[in-house]
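Survey of secondary and tertiary structure
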Amino acid sequence: MSTSSTQKQYSVQCALIICLSLISAVLPDDTGLILRGAPSGNIIRVREGSPFKIALFADLHFGEDAWTDWGPLQDVDSARVMSTVLDKEEPDFVVYLGDVITANNIMIENASLYWDEAVSPTRARGIPWASVFGNHDDAPFEWPMDWFTATGIPKLHCPDANTSDAGPFASYGEKCSFKGTSRLQLMSDEIKQNILSYSKKGPKSLWPSVSNYVLKLASSSNSEEASAFMYFFDSGGGSYPQVISDAQVKWFKQKSEEINPDSRVPEIIFWHIPTKAYKKVAPSFLVHKHCVGSIFLEDVAAQEAEMGIMKVLEERPSVKAVFVGHNHGLDWCCPCKNLWLCFARHTGYGGYGNWPRGARILEINHQPFSLKSWIRMEDGRTHSEVILSP
């Protein structure tokens, strides 16, 4: 990319940030989103007397098979699904529930370019969001076997951005490196480039597990009073084992006892890969027990080991529900002791399976607290409504 092009792109980005800041400064306080420049730490301010709505986007898999005609088209389809959900539901917040990108298919030096494309429908509507990592987000590049057959390596698999042969990567000015992009870089880039992102790297003591943090829902009039806490975990995969570690369990115990010592405030949990507890409550055959959902077509693909996170969650009466992705053919919620274990809905056209796409929606009511959920599909239909807390 030439110096003049780089300066022009930088100027556009700066202008966009300034415009968003000016717009957020004049938004009235009775809007669903109270945007005042950058997010205020870990506090999300919500309207008093109105429900707070969250859309969960799971398993988007942007960047899959990027060297084919099919790959970029699936990203367009995934963006369409998100746009439909956002326009129909008009949520106050979005959670990207892991496998935002398929890093093991991404050849360019910085996979954040695909991550940025994945969050663009949410950003374009001025909706804040938070994200966690899945098992594909920083996976190492996997060389396609077709590249070593008679078909050969695709012509544009590693373009030189300074030539006319650069193809779709020319505007990025990116080289192919096949090295992958680390969790830390992906998260750093998201935070740096998006004033609407509430995502966090999390404590250094938990690295390489990166997306571990907590956000507080608070009223616009009193940021000290919490109506709910939302915990986000990195459930591993990709560059290290699929597990919520003992260190993460200890972090949650310490943090939750610090900010919610009497378990008075409801807590909602998000991560990508289901724990083994999901296997225990999963519906068997045609018997769905007290589960609510529309597709029960897979066995639960659980984490590699259980280090105690479920025991801690089950012992806290404030924990209402856990939400995961990972299994594209499951979208159910099942009761588990004093809480609910829920899958999202496969949102992206990337990844395996041809089930219709959609997104799980959460609706949080305050004073008194209640948590309701349903699925919004790509064709606009809704189904599988369930009350997860009185």
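Source: prediction; values computed, not measured. (Residues numbered from 1 in each chain as written. Predicted model: local features only at pLDDT ≥ 70, side-chain atom pairs only at ≥ 80, totals over all residues. Heavy atoms only, no water.)

1. Thoughts on the pairing of strand 7 (residues 267-270)
Within a regular strand, side chains alternate between the sheet's two faces. Cut-off, in case you're wondering: Relative accessibility thresholds used throughout: buried, under 20% of the residue-type maximum; exposed, over 50%; partly exposed, between the two (1.4 Å probe, protein chains only). A run of DSSP states H or I qualifies as a helix once it reaches four residues; a run of E qualifies as a strand once it reaches two. Both are numbered from the N-terminal end. Any two strands are treated as partners once DSSP identifies two or more bridges connecting them. Here a crossover is taken to be right-handed if, once the strands point away from the viewer, the path from the first strand over the helix to the second is traced clockwise.
Both faces of strand 7 are covered, namely the face carrying Glu267 and Ile269 and the face carrying Ile268 and Phe270. For strand 6 (residues 226-232) and strand 7, the ladder comprises 4 bridges, and the chain directions are parallel. When the sheet's bridge partners are listed, Phe229 is paired in strand 7 with Glu267. Handedness of the crossover is the feature at issue here: the chain leaves strand 6, passes through helix 5 (residues 246-259), returns alongside strand 7, and the resulting connection is right-handed. Pairing of strand 7 with strand 8 (residues 319-324), which is carried by 4 bridges, proceeds in the parallel orientation.

2. Quick look at unusual backbone geometry
Leaving glycine out, the prevailing phi sign among residues is negative, and the prevailing peptide bond configuration is trans. With an omega of 20°, the peptide bond running from Trp207 to Pro208 counts as cis. Within the fold, Pro208 resides in the loop between helix 4 (183-193) and strand 5 (213-219). A cis geometry characterises the amide bond from Gln367 onward to Pro368, with omega recorded as 0°. By the secondary structure assignment, Pro368 is in the loop between strand 11 (358-365) and strand 12 (370-377). The backbone of His61 shows a phi angle near 60°, a positive value even though the residue is not glycine. Secondary-structure assignment places His61 in the loop between strand 2 (52-57) and helix 2 (70-89). Although it is not a glycine, Gln367 sits at a positive phi angle of roughly 45°.

3. Let's talk about the packing of helix 2 against helix 3 (residues 112-124)
Which entries qualify depends on this criterion: Angles here are taken between N-to-C directions and fall from 0 to 180 degrees, while the axes themselves are lines fitted to C-alpha atoms, restricted in helices to the stretch in contact. Relative orientations are named as follows: roughly parallel for angles under 35 degrees, roughly antiparallel for angles over 145 degrees, roughly perpendicular for angles from 65 to 115 degrees, and oblique for any other angle. Crossing handedness is defined as follows: a turn of the near helix away from the far one that is anticlockwise and smaller than a right angle gives a left-handed crossing, while the clockwise case is right-handed. What makes two residues a contact is simply this: any of their non-hydrogen atoms within 4.5 Å.
One can describe the packing of helix 2 onto helix 3 by two numbers: an axis separation of 8 Å at closest approach and a directional angle of 25°. Here helix 3 runs roughly parallel to helix 2, going by the angle between their axes. In this structure, helix 2 crosses over helix 3, and the sense of that crossing is right-handed. Two secondary-structure elements touch here, helix 2 through Asp75, Ala79, Met82, Ser83 and Leu86 and helix 3 through Tyr114, Glu117, Ala118, Pro121 and Thr122.

4. Considerations on the pattern of salt bridges
We apply this condition: By definition here, a salt bridge exists when the distance from a side-chain nitrogen of Lys or Arg to a carboxyl oxygen of Asp or Glu is within 4 Å.
Applying the stated criterion across every chain, the model contains 15 salt bridges. Of the charged contacts, one joins Glu89 and Lys53 as a salt bridge, the two residues approaching to 3.0 Å between their closest N and O atoms. Placement of the pair is Glu89 in helix 2 and Lys53 in strand 2, with a sequence separation of 36 residues. Residue Glu89 is classed as buried on the basis of its relative accessible area, which comes to 6%.

5. Some points on the sheet that holds strand 7
Within a sheet, each strand pairs with its neighbour through backbone hydrogen bonds, oriented either parallel or antiparallel. Spatial strand order, 1-5-6-7-8-10-9: 7 strands in an open sheet with mixed pairing. In the strand order of this sheet, the two ends are held by strand 1 (43-46) and strand 9 (333-336), each with one partner. Along the sheet, successive strands turn relative to each other by an average axial angle of 20°, direction set aside. One ladder, built from 4 bridges, connects strand 8 with strand 10 (residues 339-343); its direction is parallel. Bridging across to strand 10, Val324 finds its partner in Phe343. Running at roughly 170° to strand 6, helix 5 makes contact with strand 5, strand 6, strand 7 and strand 8 of the sheet.

6. Section: the sheet that holds strand 12
Strand order across the open sheet formed by 6 strands is 4-3-2-11-12-13, with mixed pairing between neighbours. Each edge of the sheet is formed by a strand with only one pairing partner; in this case those strands are strand 4 (129-132) and strand 13 (382-389). Adjacent strand axes in the sheet meet at a mean angle of 20°, parallel and antiparallel pairs treated alike. Strand contacts of helix 3: strand 2, strand 3 (93-97) and strand 4, with the helix running at about 150° to strand 4, the strand carrying the most contacts.

7. Details of the side chain of Asp189
Here Asp189 shows up in helix 4. Excluding its chain neighbours within four sequence positions, the residues that come into contact with Asp189 are Asn110, Ser112 and Asn194.

8. Remarks on the state of the cysteines
For the record, the criterion: In plain terms, two cysteine sulfur atoms within 2.5 Å form what is called a disulfide here.
Taken as a whole, this structure holds 2 disulfides when the rule is applied. A sulfur-sulfur distance of 1.9 Å marks the disulfide that ties Cys291 to Cys334. When the S-S torsion is 115°, as for the bridge of Cys291 with Cys334, the disulfide is right-handed. One end of the pair, Cys291, is in the loop between helix 6 (276-281) and helix 7 (309-314); the other, Cys334, is in strand 9, with 43 residues separating them in the sequence. Ordering the disulfide-forming cysteines of the protein chain by sequence position, one finds them joined as 1-3, 2-4. No disulfide involves Cys336; its sulfur sits 9.3 Å from that of Cys334, the nearest cysteine. Since its relative accessible area comes to 7%, Cys336 is described here as buried.

9. Quick word on helix 3
This is how the line gets drawn: By definition here, a helix of n residues has an expected span of 1.5 Å times n minus one. The angle separating two fitted axes, one through the seven residues that finish at a residue and one through the seven that start at it, defines the bend at that residue.
Taking 1.5 Å of rise per residue, the 13 residues of helix 3 would be expected to cover 18 Å, and the 17 Å separating its terminal C-alpha atoms lies within 8% of that figure. A maximum bend of about 40° is found in helix 3 at Ala118, where proline Pro121 lies one to four positions downstream. Ser112, Tyr114, Trp115, Ala118, Val119, Pro121 and Thr122 are the residues of helix 3 that are buried. Where the residues of helix 3 are buried, they touch strand 2, helix 2, strand 3, strand 4 and helix 4. Count one or two residues on from helix 3 and you reach Gly126, which has phi positive near 70°.

10. Focus on the layout of surface pockets
Selection criterion: Points on a 1 Å grid, built from protein atoms alone, make a cavity when a 1.4 Å probe fits but cannot get out and make a pocket when they are open with protein on both sides within 12 Å along at least 5 of 7 lines; residues with an atom within 4 Å of a point are the lining residues. Grid points are joined across faces, edges and corners, and a volume is the space filled by probe spheres set on the points. Side-chain classes follow a simple rule in which Ala, Val, Leu, Ile, Met, Phe, Trp, Tyr, Cys and Pro form the nonpolar group, Asp, Glu, Lys and Arg form the charged group, and the remainder, Gly included, forms the polar group.
When its volume is computed, the second largest pocket comes out at roughly 350 Å³. Lining the second largest pocket we find 19 residues, and of these Glu225, Ala226, Ser227, His366 and Gln367 sit closest to its centre. Only strand 5 and strand 6 provide two or more residues apiece to the lining of the second largest pocket. Among the residues making up the lining of the second largest pocket, the classes are represented as 7 nonpolar, 8 polar and 4 charged.

All we've got here are geometric facts, nothing functional implied.
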